[in-house]
Amino acid sequence: MKFMTRPMTRPPTAAAEPGWLGAWWLVALIPVILHFAFLARYAVNIPKWDDHALRNFLVDYNQTDSWGEKISLIFAQHNEHRIAFDRLVTLIVYQLTGEINFVWLMFIGSFSLLGILAIFYQLIRQSSLPGYFFLPLPWLLLTLQHQENTFWGMASLQNFSVVFFLIFSVFLLSKTPERAFVLGCFLAIMAVFTSGNGVLVWPMGAGLLLLQKRWKGLIYWIILAGLTSLIYFFNYQKPPGNPPTPNGDAWLYLKGFLGFIGSVADWQPEATERFVLPVLAGLLLLVGAAYFSVKSLLKTPWLRGGADVSDYFVLGVLVFVIASAAVVTVGRIGFGDWILLTSRVKIYSAVLLLTLVIAVLREIPVRRQKVGFQLVLFGAILFNGWTTFLEFGEVIFHRQDRISQLFIWKYGHRDGQQRRPMPAYDRVTFPYQAPALFYDQNGNRSEVKQGKISRFSIDSLYQNEVALTIGNRSYIKSGGPDAGAYVQLRSDSLTLLFPTRQHRNRSRRSLLSGGGYFAPGFTATIPKTDAPDGSYEVRILTTDGQTRTEYPTSWSVILRHNPSNKLPKNW
């Protein structure tokens, strides 16, 4: 089969690279090393939220001998998605290691980020741009803004990989060789069965083929889209946990849409006007996307002609991100507009930014390319450093949140006053080895006896309908990923553990003079849905990551919550 309707052209030779950039790839390697160094240090092999869906899948998969049921389990619906890719990777890890390791899933998901960078590198090489224009891209993409995906096994596989598969498919559809088209079709299928918004690959790919007047390819693409859609929507049910979509507030949707697009500028997460910067950035990026989309359209064979791989790729990626923003806004805004600025969706804004950076650099006259490149590189390094500063505390918090949850699974239940350890999972049906942590060794425990020393100081404690909030203004956190203060809620039958957010040092003078990242004091916000109704003694556990000390406080609380707040699931 032949799908070529226009001759292949060799791109013009890239401009010579400046001498001082002979080792430019070493500079590009720095953010890659930092990304995986953070991952190696702060990732922890403890499942989070939807990770339990992979647990359920693996248990069910191992308990059936029917290949029909096994295949059905792989393609079963998860929320609004078909996460076959996540499940297949989970099976591979299980077969290789004999157990499921969620840190492995995080690393495999992060490799998709490297794949995204490789695609942009190939795009630069096949265009007239100097190769060193790739240099700012790792600094813009590999940031801690994506920390929630990075340190969450299932989300890393799903949210990073669907973007990789989809833009790789777009890149291949922008080329004319038959083998590129076939591989592009395969990657489109992978995108569809990785995340729900992967289905956007079909209309977008059809548009690219139509613009290129590749009629045979378009016919095969439509047939493949129909077949995969039949599989995807077979027995499909609306997710039971999705809230109804709000009606009648156009500004809410517009704010969420622009905020999603510009979420790379979410630099004031604690501000009451948090959406201002993302909305402004989203408006700027949307205008840029519209400009370069029209420019690419005008160069297609239907109009002026002369479009190359870069034109089609830029157009395809811009349309994908904008369409994803619209779909996610409509589908998720019922949870609250804040969800459109969460870490897990910022990958789309980042990819849009990378695409526009390449599009802008293409527009710069050759004589000014070096200056434009230097400005972009300087801005990319600043951006990476600033987002790392903003998100580092969240990385620590999310790790300690997982550690707290594992404590509850293992030691939370008690018979009267006698603690009864409870394994996190049954290793017979689900082979998972929980990591050994500071609370697993009784010999490392130093329990402060009431009356022998003063109680731990709690400066504020209050609760509303949804959460209990506890504050301290003096505790100083020691170094280490697990070190810090944790809140214990203890009843006759339960001991629950919750992380705290250590206060961040906000003094410019202190930071410039070598002050630490964290300041004295912490705040703990405990959702009431995370603790059964009852009366609890409030205690504080502190640790340096090796030993722990448990302090009594002067506080006790009675918790009541509305069980209807818990969202139903289809997994």
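Going by the structure above, here's the rest.
Here the structure is a predicted model, which is why all the values come from computation and not from measurement.

Draft legend 1. Spatial organisation of the overall build of the protein chain. Scanning the protein chain from N- to C-terminus turns up 17 helices and 13 strands. Across the 571 residues that make up the protein chain, the buried fraction comes to 54%. Look at the contacts in the protein chain between residues 6 or more apart in sequence, and 75% of them connect residues 24 or more apart. On the protein chain, roughly 26,100 Å² of surface is accessible, and the fraction owed to carbon and sulfur atoms is 61%.

Draft legend 2. Inspection of the side chain of S343 at higher detail. Position of S343 among the secondary structure elements: in the loop between α14 (309-332) and α15 (346-363). Separated by 2.6 Å, the side chain of S343 and the backbone oxygen of Q145 make a polar contact. Ignoring anything within four residues of it in the chain, the contact list for S343 reads Q145, H146, Q147, E148 and N149.

Draft legend 3. Broad picture of a nonpolar patch on the surface. A contiguous nonpolar surface patch, about 530 Å² in accessible area, is contributed by I219, Y220, I223, L227 and L230. Structurally, I223 is set in helix α11 (residues 215-232). Classification of I223 as partly exposed rests on a relative accessible area of 48%.

Draft legend 4. Just the packing of aromatic side chains, in detail. In the structure shown here, the tally under the stated rule is 43 aromatic pairs. Here the aromatic rings of F36 and F111 are separated by 5.7 Å at their centres, their planes lie at 35°, and the arrangement is tilted. Taken together, the residues F36 in helix α1 (residues 24-42) and F111 in helix α5 (residues 102-125) connect sequence positions 75 residues apart. Linked through ring pairs, F38, Y42, W386, F389, F392, Y517 and F518 together constitute an aromatic cluster. When the ring centre of F397 is taken as reference, the NZ or CZ atom of R501 above it lies at 3.7 Å.

Draft legend 5. Molecular detail of the nonpolar core. In this structure, L137, I167, W221, F313 and Y439 are the most contacted members of the largest nonpolar core, which totals 145 residues. For this core, the element with the highest residue contribution is helix α8 (residues 153-173), accounting for 14 residues. Non-local contacts of Y439, meaning those with residues more than four positions away in its chain, are made with I403, L406, F407, Y411, L497 and R548. I470, F498, F522 and L559 belong to the second-largest nonpolar core, a separate cluster that totals 22 residues.

Draft legend 6. A look at the pairing of strand β13 (residues 548-559). Pairing of strand β12 (residues 534-543) with β13, which is carried by nine bridges, proceeds in the antiparallel orientation. For T542, the partnering residue across the bridge sits in β13 and is T549.

Draft legend 7. Representation of unusual backbone geometry in the model. Non-glycine residue W49 carries a positive phi angle of around 45°. Within the secondary structure, W49 sits in the loop between α1 and α2 (51-62). Positioned with a positive phi, N79 is a non-glycine residue whose angle comes to about 55°. Under the relative-accessibility criterion, N79 is labelled buried at 18%.

Draft legend 8. Seen up close, the packing of α8 against α14. Relative orientation of the contacting elements α8 and α14 amounts to 150°, with a least axis distance of 8 Å. With respect to α14, the axis of α8 lies roughly antiparallel. Crossing of α8 over α14 shows right-handed handedness. Of the residues in α14, those touching α8 at L166, I167, V170 and F171 are V309, Y312, F313, G316, V317 and F320.

Cut-off values and rules
Residues numbered from 1 in each chain as written. Predicted model: local features only at pLDDT ≥ 70, side-chain atom pairs only at ≥ 80, totals over all residues. Heavy atoms only, no water. Helix = DSSP H or I, 4+ residues; strand = E, 2+ residues; numbered from the N terminus. Buried < 20%, exposed > 50% of the residue type's maximum accessible area, 1.4 Å probe, protein only. Contact = heavy atoms within 4.5 Å. Areas by Shrake-Rupley, 256 points an atom, 1.4 Å probe, with all protein chains shown as cover. Polar contact = N/O pair within 3.5 Å; in protein donor to acceptor, adjacent residues only side chain to side chain. Patch = residues over 30% accessible without salt bridge, like charges linked within 9 Å, V, L, I, M, F, W, Y side chains within 5 Å. Salt bridge = Lys/Arg side-chain N within 4 Å of Asp/Glu carboxyl O. Phe/Tyr/Trp six-rings, centres within 6.5 Å; stacked < 30°, edge-to-face > 60°. Lys NZ or Arg CZ within 6 Å of the ring centre and 35° of its normal. Core = buried A, V, L, I, M, F, W, Y, C linked by side-chain atoms within 4.5 Å. Pairing = 2+ DSSP bridges. Axes fitted to C-alpha atoms, helices over the stretch in contact; angles between N-to-C directions. Parallel < 35°, antiparallel > 145°, perpendicular 65-115°, else oblique. Left-handed = near helix turned anticlockwise from the far one by under 90°.

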